[in-house]
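Here is what each chain is made of, one letter per residue.
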Amino acid sequence: MSQIASPKTHYLKDYQPPAYLIDRVELSFRLDEQSTQVHSVLHLRRNPQGPGGPLRLDGEGLNTLELRLDGRPLVPGEYGMEDGQLSIEQVPQRCRLESRVEINPAANTALEGLYLSSGLFCTQCEAEGFRRISWFIDRPDVMACYRVRIEAERQRYPVLLSNGNPIEQGELAGGRHYAVWDDPFPKPCYLFALVAGDLSHIEASHQTPSGRRVRLRIYSEAENIARCQHAMDSLIKAMLWDERTYGRECDLDVYNIVAVNDFNMGAMENKGLNIFNAKFVLASPESATDADFQAVEGVIAHEYFHNWSGNRVTCRDWFQLSLKEGFTVFRDQEFSADMNSRGVKRIEDVRLLRTHQFAEDAGPMAHPVRPESYVEINNFYTLTVYEKGAELVRMQALLLGPERFRQATDLYFQRHDGQAVTIDDFVACMAEVSGRDLGQFKRWYAQAGTPEVRVEAAYEPQARRYRLRLSQDRQPPLHIPLVLGLLGPEGEELLAEGSRLLELTEASQEFVFEQIARPPLISLNRGFSAPVKIRLDYSDEQLGRLMAQDSDGFNRWDAAQTLSQRLLLGLVAEAAAGRQGAIPAAFIQGLADNLADQATDPALLAETLSLPSEGYLAEQMECVDVDGIHQARERLRQHIGSQLHGPLLALYERCGGSAGADLSPQAMGRRQLRNLTLGYLMASQTPEALALCLRQFEQADNMTERLAALALLAASDAPQRSEALEQFQRHWQGDALVMDKWFGVQASASRPETLQQVRRLMRHPAFSLRNPNRVRALISTFCNANPVCFHAADGSGYAFCREQVLALDGLNPQVAARLVRALVRWRRYPEPRRGLMQRQLQQILAQPGLSGDVHELVSKGLG
Ligand code: B3K
Ligand code: ZN
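Because the structure is predicted, anything quoted here is derived from the model rather than measured.

Definitions and cut-offs
Residues numbered from 1 in each chain as written. Chains lettered and ligands numbered in written order. Predicted model: local features only at pLDDT ≥ 70, side-chain atom pairs only at ≥ 80, totals over all residues. Heavy atoms only, no water. Helix = DSSP H or I, 4+ residues; strand = E, 2+ residues; numbered from the N terminus. Rg over C-alpha atoms; globule rule 2.2 N^0.38 Å. Buried < 20%, exposed > 50% of the residue type's maximum accessible area, 1.4 Å probe, protein only. Contact = heavy atoms within 4.5 Å. Areas by Shrake-Rupley, 256 points an atom, 1.4 Å probe, with all protein chains shown as cover. Lys, Arg positive; Asp, Glu negative; His and termini not counted. Charge placed at Lys NZ, Arg CZ, Asp CG, Glu CD. Axes fitted to C-alpha atoms, helices over the stretch in contact; angles between N-to-C directions. Parallel < 35°, antiparallel > 145°, perpendicular 65-115°, else oblique. Left-handed = near helix turned anticlockwise from the far one by under 90°. Nonpolar A, V, L, I, M, F, W, Y, C, P; charged D, E, K, R; others polar. Pairing = 2+ DSSP bridges. Arc of directions from axis to C-beta. Core = buried A, V, L, I, M, F, W, Y, C linked by side-chain atoms within 4.5 Å. Polar contact = N/O pair within 3.5 Å; in protein donor to acceptor, adjacent residues only side chain to side chain. Near = heavy atom within 4 Å. Domains from an automatic or database assignment.

(A) Examining the overall build of the protein more closely. Regarding its fold elements, the protein presents 27 helices and 31 strands. In summary, the protein has a C-alpha radius of gyration of 28 Å against a globular reference of 29 Å for 863 residues, a match within 12%. Expressed along its principal axes, the backbone C-alpha trace of the protein runs to roughly 85 × 65 × 60 Å. Relative to its full complement of 863 residues, the protein shows a buried share of 60%. A separation threshold of at least 6 residues defines the contact pool for the protein, and within that pool the share at least 24 residues apart is 70%. When the accessible surface of the protein is split by element, carbon and sulfur atoms take 48% of a total near 32800 Å². Of the side chains in the protein, 93 bear a positive and 110 a negative charge, and the two mean positions are spaced by 1 Å.

Structure (structure tokens):
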């Protein structure tokens, strides 16, 4: 009898409510590294809305020691155990099902269910990890109240945590002790959590507007406790923001966060007991970059916001994942925008979306925000579900306007509190409050792919009329909200209201503007109001005007990006034809003007002065010329570095001098700008630039500047390169998170010996294939952030990827499945790369015993 579910496709259209519901669960853990016993009592009742049929429970890898129904032991023949399910035919309307199982946390390298991380017991249950802990109806629409007793050896596991409130604790014989936790809120089992270990904590307290005092604790290993304060500050900011912005307050007496070293993703929003990848908790200026600080703030907030958008109101089934993830990402994006620079945050979010989500939407794994089918749900925690899902919420917020949107979210939280619901329920609240028909809008949730909007315009001087025709390529057409401005010759807004919201709902639609005195320059999709590609042929001169004059900061940045992109892709095409394309003086002058700009927010200026990444440029090519892109971009960087040496140096010096501990947006912006100018200077390859870089590496009082200098050195051929890497290693070898940065800068260097070096580093004592952060820092960085080496024409990068995917698949299928994505877009590359990538995928597929996770991605990739 097998407990391993064979891979099968699940369809949204097949949804059926559960046959049984579980009202209450009593769990009791006897923790032991190799042999933990889990005793569970499920208080079940037949679901009046259910389809009938036997009671079916999910379980995976459980050694079942005992099963009892209403106190009576079940004997073989009374139940079946097949394909990861326990089924019992004869079950009363209400009953008590007891099970006792044995599991082996030390052998759990998949990091799903109950596992050990650096001597700490911890859990990860989303999406379907609870079935690796105990027999259960493991689906989000079964919500129960939990009482959890944890028993462990006192010495090694002094801290015992679970969801909810601590209600009892005590000593036991043999050096053991126990704690009992009670969570008053019904929850799906994916939100269950348990932690046991030797942990320190910091504590704070927060009073909600209704007067509840919430005790906040962040737990970590003792040596890291000094790095937890930023996470605590972020948590309190997030609580205040959610009270103010959504009227949502914390419903708990105790809110705990635990940092663990081995974690498959960023963090997990378990009710009252968030478990975090240490990378998103720990931060100090010496050891973390500004980007790390911001990531901690964002992820802490994201998980806290889930307490309402995800926990109080949860998903009916996993097809609705974006209900909680898209909405919560939107909430965390807006939070970060309010805490930092709104304009910069929008640019970062759109860059991520356009570089990676658009790519996903154009590849073999393209799926709608609400997928219709999946084999392994863990493969659908994607940029589409998260980031595009957030854009869909953003568009609804735009269509409703801020007040109505707030009323609609109030209605959603109130109407569905304590329920497991669907995306339709969310949109219905938006529609009801606004009185708008959002039926057409909902197509966004069901269609994969990035829409394109074509723009044609005509100006009639006599009639002072401007006609704009917008056409979309989607069938049936989507409801696309596009914010538009019309600029006059001096950059003035020609529309009285400045910006206007156009709603494109037809395949092709004309918008007419009267009383337009002069031929306007159009600024479309301001603020990136819709996640689409705009097809509009601007001249370079028009882009220059938008860049200088548009009142919309996002479109100013976007015009600059389009100009650089056009230039770079032009250089790639010229080089492919054996010519050296020219770099126009006007382009360099435009940059020089920006370098001299002392008025603009430094972080925004840094964004404007940055060239599009190699990955983004690759996205713009039908058939990707990896080396051509790299060479063109390096040539341009070098040209900028030497042509603008003086102004770059001046700006570099101007941006110096803020203390590393100053984490204000201003100070962070200055560091970002300083690192960017250093990069251009280093590209010029002058001894002066190298001296600056070495000075910054040695003297920086913060990781943001030290690491940027190290990355530049690591990518260079400077004789000081190895000494710098060596020195960094000596200093940080005991600090895993910082060592990840050290692995990363080496893995991303586009140098001929990088692959060899990556292989060597895999034998470094600080590296382990079992730790997802290490794998991401070294192997994923090489495969995803080093296009030149990964796509080496001899196929060595691809073969390396295949080897690592297979090695990881036996340990941790989720991590293996993330990695294999580097190969699935093989059709976009010219021969020989295309064939070489395809062959690696075929070899992976031929491997016996492949996980469902990797199998699904590879077969879709090849299919
Ligand atoms: N909800 C978790 C992600 C779980 C991933 C499971 N494979 C973190 C988050 O989005 O907040
Ligand atoms: Zn989330």
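(B) Focus on the packing of helix H6 (residues 402–415) against helix H7 (residues 423–434). Where H6 contacts H7, the two axes come as close as 8 Å, and the packing angle between them is 130°. The orientation of H6 with respect to H7, classified from their angle, is oblique. Considering how the two elements wind past one another, H6 and H7 form a crossing that is right-handed. Of H7, the residues touching H6 (which contributes Arg 404, Phe 405, Gln 407, Ala 408, Thr 409, Leu 411, Tyr 412 and Arg 415) are Phe 426, Cys 429, Met 430, Glu 432, Val 433 and Ser 434. For the contact of H6 with H7, the class distribution of residues is eight nonpolar, three polar and three charged.

(C) Highlighting the sheet that holds strand S16 (residues 194–197). Across the sheet, which stays open at both edges, the four strands sit in the order S10-S11-S16-S13 with antiparallel pairing between neighbours. Sheet topology places strand S10 (113–117) and strand S13 (159–162) at the edges, where each strand pairs with a single neighbour. Between one strand and the next, the sheet's axes are offset by a mean angle of 15°, whatever the strand orientation. Bridge analysis of S10 against strand S11 (residues 120–124) gives five bridges, and the strand direction is antiparallel. Bridge pairing links Leu 116 to Phe 121 in S11.

(D) Region of interest: helix H15 (residues 645–654). The complete set of buried residues in H15 reads His 645, Leu 648, Leu 651 and Tyr 652. Down the axis of H15, the smallest arc covering the buried residues is 135°, so these residues share one side. Along its buried surface, H15 packs onto helix H11 (585–596), helix H14 (626–643), helix H16 (665–683) and helix H17 (687–699).

(E) Focus on the side chain of His 43. Mapped onto the secondary structure, His 43 falls in strand S3 (residues 36–46). For His 43, the residues in contact, after removing those within four places along its chain, are Leu 21, Ile 22, Asp 23, Arg 24, Glu 26, Cys 95 and Arg 96.

(F) Broad picture of the sheet that holds strand S20 (residues 267–268). If you walk across this open sheet you meet the five strands as S17-S18-S19-S21-S20, and the pairing is mixed. Only two strands of the sheet have a single partner each, and these edge strands are strand S17 (200–207) and S20. Sheet topology places S17 next to strand S18 (residues 213–220); eight bridges connect them, and they run antiparallel. Its bridge partner being in S18, His 201 is matched across the sheet by Tyr 219. Each of S17, S18 and strand S19 (254–260) is contacted by helix H1 (residues 229–246), which is oriented at about 20° to S17, the strand it contacts most.

(G) Expanded view of the nonpolar core. Among the nonpolar cores identified, the biggest contains 169 residues, and Tyr 146 and Phe 192 are the most heavily contacted of them. Element by element, the count of residues in this core is highest for helix H18 (residues 703–714), at seven residues. Once you skip the residues sitting within four places of it in the chain, Phe 192 turns out to touch Leu 27, Phe 29, Thr 123, Cys 125, Phe 130, Ile 133, Tyr 146, Val 148, Ser 162, Asn 163, Lys 187 and Asn 270.

(H) Region of interest: the pairing of S3. Sheet analysis places strand S2 (residues 20–30) next to S3, joined by 10 bridges and oriented antiparallel. Note on S3: the bridge partner recorded for Arg 24 is His 43. Between S2 and S3, which pair antiparallel one after the other, the connecting turn spans five residues. Direction of pairing for S3 relative to strand S9 (residues 94–103): antiparallel, over a ladder of 10 bridges. By the bridge assignment for S9, Leu 44 is matched with Cys 95.

(I) Representation of the side chain of Thr 314. Note on placement: Thr 314 falls in strand S22 (residues 314–315). Among the polar contacts listed, one links the side chain of Thr 314 to the backbone oxygen of Gly 310, at a separation of 2.9 Å. When neighbours within four sequence positions are excluded, Thr 314 is seen to be in contact with Pro 140, Met 143, Pro 188, Tyr 190, Leu 323, Gln 419, Ala 420 and Val 421.

(J) Here's a closer look at the site of ligand 1. Taken together, 14 residues surround ligand 1, and among them Glu 126, Glu 269, Glu 303, Asn 378 and Tyr 386 come closest. Here His 302 contributes a side-chain N or O atom positioned 3.0 Å from an oxygen atom of ligand 1. Expressed as a share of its isolated accessible area of 340 Å², the protein-covered part of ligand 1 is 95%. Elements with a contribution of two residues or more to the shell around ligand 1: S20, helix H2 (290–305) and helix H3 (321–339). Residues that form the shell around ligand 1 fall into these classes: five nonpolar, four polar and five charged. Two domains each put at least three residues into the shell around ligand 1: domain 2 (199–280) and domain 3 (313–445).

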